[in-house]
Amino acid sequence: MASISLNNVFKRFGSTEVLKGIDLEIEDGEFIVLVGPSGCGKSTLLNLISGLETISEGEVLIGDKRVNNVPPKDRDIALVFQSYALYPTKNVRDNITFGMQTRKVPESEQQAALSEVSEMLHIDHLLERKPGQLSGGQRQRVAMGRALVRKPEVFLFDEPLSNLDAKLRIEMRTEIKKLHQRLGKTIVYVTHDQIEAMTLASRIAVMDNGHIRQFADPTTVYEDPVDLFVASFMGSPPMNMLPGKILRDGGLFIEPAGDTSGLRFPVPGEIASRFTANEGHEVVLGLRPETIFAAGAELAGPDRFVFERPIDVIEPTGPDTMLVFTIGETEMIARVRPQDEAPVGTSFRFEVEMAKAKLFDRATGVRL
Amino acid sequence: MSAANSSGIVRASGAGQRFLRYLLYALLVLFCLYYLVPLYVMLTTSLKTVGEIRTGSLMALPDAPTLGAWSKAWDTACVGVRCDGLKPYFWNSVVMVVPAVLLSTLLGALNGYALTKWRFRGANIIFALMLFGAFIPFQVVLLPMARTLGLLGLAGSVFGLILVHTVYGLAFSTLFFRNFFVGVSDSIVNAAKIDGAGFFRIFFAIMMPMALPAIVVTIIWQFTQIWNDFLFGVAFTIGDSNPLTVALNNLVNTSTGVKEYNVDMAAAIIAALPTLLVYIIAGKYFVRGLAAGAVKE
């Protein structure tokens, strides 16, 4: 059994506090992704779990064993590094078996483990090569092979795909997910790439500035973010964040700041009903690009709102086209079908699905 | 008139450019000659007889080249009162230089590895202090070192000299290895730690094989320094345990009878040959090692 528990974990380097009280309960067999901007402490957190860094305060449990003072080699973990960290003077075979040699595993067992892993990862034809003679994707596989032969209870990945080119990254992403489904071991995976987080995780921990902002499954994190940070970090292109004020005029409306055209976004009853803020309260209206589309492009539904704005910039991506426009002083992005595209400068009728709008308190960033 | 070379950087062409290029080469040849003339004189003189040296020109080639002076310098020339040539002192130097080079290189590597990959409080201060040793004029340490060797019972012996060279070689060997290992990714060490390897296993199995360029540079550097050392040799050894450099000095300064320049020259070349040999064998690594880390490979 390899659940992982972090209880009130702090990490300080000198006077800088990198982790400020982390609590995390990871269940056996889960695929947890730690995601956040660089410097948020996610790699440090991984290093505390691996034992490569010493914990300042709090406790780490793997299984039900407190491992605060257990060195990395005795934690039953394996770590895949961002830089692969292969031993440059050893060939692939010795890179993979080095750990077993160190632990004096019998030769025959080493061979068996080596061939099993190298076949699984399709690197059995590369065993005599040195890391310098491998491509990026092959090095990545060897690094994973080195982790796999340990047969650990917990796999830790530190941004393993960020050195690969885009195509290979998607391939390897799928392979890592397959691997998890096949082995069923607990995985903790660090990345700054929110798409990787969404595609891989059974649960995502969104981190910022030494705190975990939200820990939930990908859909919840995407559809139900707890605050402005999580909402703006997850999603590409990011969620449109429109500052505005509450207006009560028969219903609940958001009046965008700096807009002079009298635009008001109606807040659907469901959101409005759990909402007590006063008129004039400053909020941020969060609209994902895919909830803004060309008017009439989708079947009519409840809580739709239509408005017109001139198009500033057109960004085709293939399946969709991004239209950039402005409300007040805020740049907004809408995701429309390519056939709905119109020339730059023309006034465009946008339709918003207000049921999917999120409201945040502008002062605290908390979801309302 | 287009550029003849189809690869590399595009150069301006034309008569003026060509002239400048020839001028550059002419200058380089001149410097080269200037540098090589002393060696030429040494070589030719060592192949001449004493008579020819006295009558002939310094720059002339030998009339009938002979290796007589070489065999005399090696076998029978008088160094002080002993007339066995340089041979015994050559072996003194070899016996001293091999362990001193190996020890100072190994310990320097260990220092560099510990200072960069097992960082501890005060590592930088310790490194700065060790570096300081690279800039101390060795004359300063002669007396304290003599006292230390005396207390250890190593005064006047080859072992004492080995110890002195090992200790004072550490400054540079640590510097070389520290600068090499600083460029090695910490994650390689971390990976090895997770693989269960400890301090020495990581050092010998992972780091040392990677450090080949640094090892070669350090060996060449230490070999040259220790082989060529005169000061410690003359200060800490006596008579029969003298290293080659001291013996060479004594041979050249033995002032009985006619001055045998040919023997002196042959002896000097014999004394210089091992360092030359080491450089020829390992020289390409030397240049490569000095530039190591400058460019991502």
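Residues numbered from 1 in each chain as written. Chains lettered and ligands numbered in written order. Predicted model: local features only at pLDDT ≥ 70, side-chain atom pairs only at ≥ 80, totals over all residues. Heavy atoms only, no water.

Q: When you look at the packing of aromatic side chains in this model, what are you seeing that I'm missing?
A: Aromatic ring pairs are reported here in terms of the distance separating the ring centres and the angle at which the planes meet. Evaluated as defined, the whole model comprises 32 aromatic pairs over all chains. Summarising the aromatic geometry, the rings of F229 of chain A and F233 of chain A are spaced 5.8 Å apart at their centres and angled 15° between planes, so their arrangement reads as stacked. Of this pair, F229 of chain A and F233 of chain A both sit in helix α8 (residues 228–233), four residues apart, which is roughly one turn of that helix. Take F229 of chain A: its relative accessible area is 17%, and that puts it in the buried class. The buried category is assigned to F233 of chain A, whose relative accessible area is 17%. Residues F172 of chain B and F176 of chain B carry aromatic rings whose centres are separated by 6.3 Å and whose planes lie at 45° to one another, so their mutual orientation is tilted. One end of the pair, F172 of chain B, and the other, F176 of chain B, are both in helix α7 (residues 158–181), four residues apart, so they sit about a helical turn from each other. Ring-pair connections join several aromatic residues into one group, and the members of that group are Y113, W118, F177, F180, F181, F199, F200, F203 and F204 of chain B. The residue whose ring lies beneath K11 of chain A is F13 of chain A, and the NZ or CZ to ring-centre distance is 4.8 Å. A cation sits over an aromatic face here: R288 of chain A above Y222 of chain A, 3.8 Å from the ring centre. (Phe/Tyr/Trp six-rings, centres within 6.5 Å; stacked < 30°, edge-to-face > 60°. Helix = DSSP H or I, 4+ residues; strand = E, 2+ residues; numbered from the N terminus. Buried < 20%, exposed > 50% of the residue type's maximum accessible area, 1.4 Å probe, protein only. Lys NZ or Arg CZ within 6 Å of the ring centre and 35° of its normal.)

Q: Looking at this structure, how should I read the interface of chain A and chain B?
A: Frequently, the measure chosen for interface size is the accessible area that the parts lose on association. Across the contact, 21 residues belong to chain A and 16 residues belong to chain B. Between chain A and chain B, the buried area comes to about 1,500 Å², and carbon and sulfur atoms account for 68% of it. Taken together, the links from chain A to chain B amount to zero salt bridges. Viewed at the interface, chain B and chain A are joined by seven residue pairs in polar contact (both at pLDDT 80 or more). Tallying contributions element by element places helix α2 (residues 92–102) of chain A first for the side of chain A that touches chain B, with four residues. (Contact = heavy atoms within 4.5 Å. Buried area = accessible area lost by both parts, 1.4 Å probe. Salt bridge = Lys/Arg side-chain N within 4 Å of Asp/Glu carboxyl O. Polar contact = N/O pair within 3.5 Å; in protein donor to acceptor, adjacent residues only side chain to side chain.)

Q: Mind showing me how you'd approach unusual backbone geometry here?
A: Where the residue is not glycine, phi is negative for most of them; where a peptide bond is considered, it is trans in most cases. All names here are of chain A. A cis amide bond links S236 to the next residue, P237, at an omega of -5°. Structurally, the position occupied by P237 is in the loop between α8 and β11 (240–248). Positive phi, close to 55°, is recorded for K104, a residue that is not glycine. Structurally, K104 can be placed in the loop between α2 and α3 (107–120). Its identity as a non-glycine residue notwithstanding, K151 has a phi of 45°, on the positive side. Along the chain, K151 falls in the loop between α4 (136–148) and β7 (154–158).

Q: I keep staring at the UniProt feature "domain: ABC transporter" (unreviewed entry) in chain A and nothing clicks. Help me out?
A: In the UniProt entry, the feature "domain: ABC transporter" (unreviewed entry) is given for residues 4–234 of chain A. Between the end C-alpha atoms of residues 4–234 of chain A there is a gap of 25 Å, over a span that is 36% helix and 26% strand. (UniProt positions renumbered as here; feature names shortened; annotations may be inferred.)

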